[in-house]
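Results of the structural survey
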Amino acid sequence: MAGRRRRSAAALAAGVLTVAAASCAELQSSVRDYHNEDMVGQIAPELRGGAWIGGGRTVEASTRYRDWTLVAFFRPWDSVCIEEVPRLAALHEQYSGRGLSVVGVTEAPLERAQRFVESYAVPYPVITDARETEILFGVEMLWGSEVFLVDPGGIVVANGLRAVERRLATELGG
């Protein structure tokens, strides 16, 4: 009888773990596919935060849009954000000479963001302590990353990395 109970308990535990793993995978997939489409067609909020880092300099953070701007929200501790750095760096390299500015935005404080920029060789500027900007863009509850493309007139024209890549190829030549 004790052997049956152990097997039943083991089977129950295995079932619970299977359901939990499936739920986590589903949540992660839905998070990766989440985009704030409400911003498309809207005037992009000003980028505000504590400091700009990148390129060996730190300056006060507040800017308006003058060029095509890829705004990439991220969390330094999130694996999805870390995975996207090479794609964002490639877009920076490919289009920066054609009128694109890539800007990373994080609510992380300066020191944590600086470690992220150095650890993952982020080639574009990053604005830190940018909680207000996250709220204005509607990504304050972000898990993973969120990417917007803003045209030179300051209008959000694409949201999500794939949509941004397609729009850049169209507007700036792929």
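Just so it is clear, the structure is predicted and the values come from calculations on it, not from any experiment.

A look at the pairing of strand β6 (residues 100-105)
- Most of β6 is tucked away, with 5 of its 6 residues classed as buried.
- When strand β5 (residues 68-73) meets β6, the two strands line up parallel, connected through 6 bridges. Across the sheet, the residue bridging to T69 is S101, located in β6.
- Where the polypeptide runs from β5 across helix α2 (residues 79-95) and back to β6, its parallel neighbour, the crossover connection is right-handed.

A look at the side chain of T69
- Among the secondary structure elements, T69 is positioned in strand β5.
- Taking relative accessible area as the criterion, T69 reaches 6% and is therefore assigned buried.
- A distance of 3.2 Å separates the side chain of T69 from the backbone oxygen of D67, its partner in a polar contact.
- For T69, the contacting residues outside a window of four places in its chain are L100, S101, V103, F148, L149 and V150.

Conventions we followed
Residues numbered from 1 in each chain as written. Predicted model: local features only at pLDDT ≥ 70, side-chain atom pairs only at ≥ 80, totals over all residues. Heavy atoms only, no water. Buried < 20%, exposed > 50% of the residue type's maximum accessible area, 1.4 Å probe, protein only. Helix = DSSP H or I, 4+ residues; strand = E, 2+ residues; numbered from the N terminus. Pairing = 2+ DSSP bridges. Right-handed = clockwise from strand over helix to strand, strands pointing away. Polar contact = N/O pair within 3.5 Å; in protein donor to acceptor, adjacent residues only side chain to side chain. Contact = heavy atoms within 4.5 Å.

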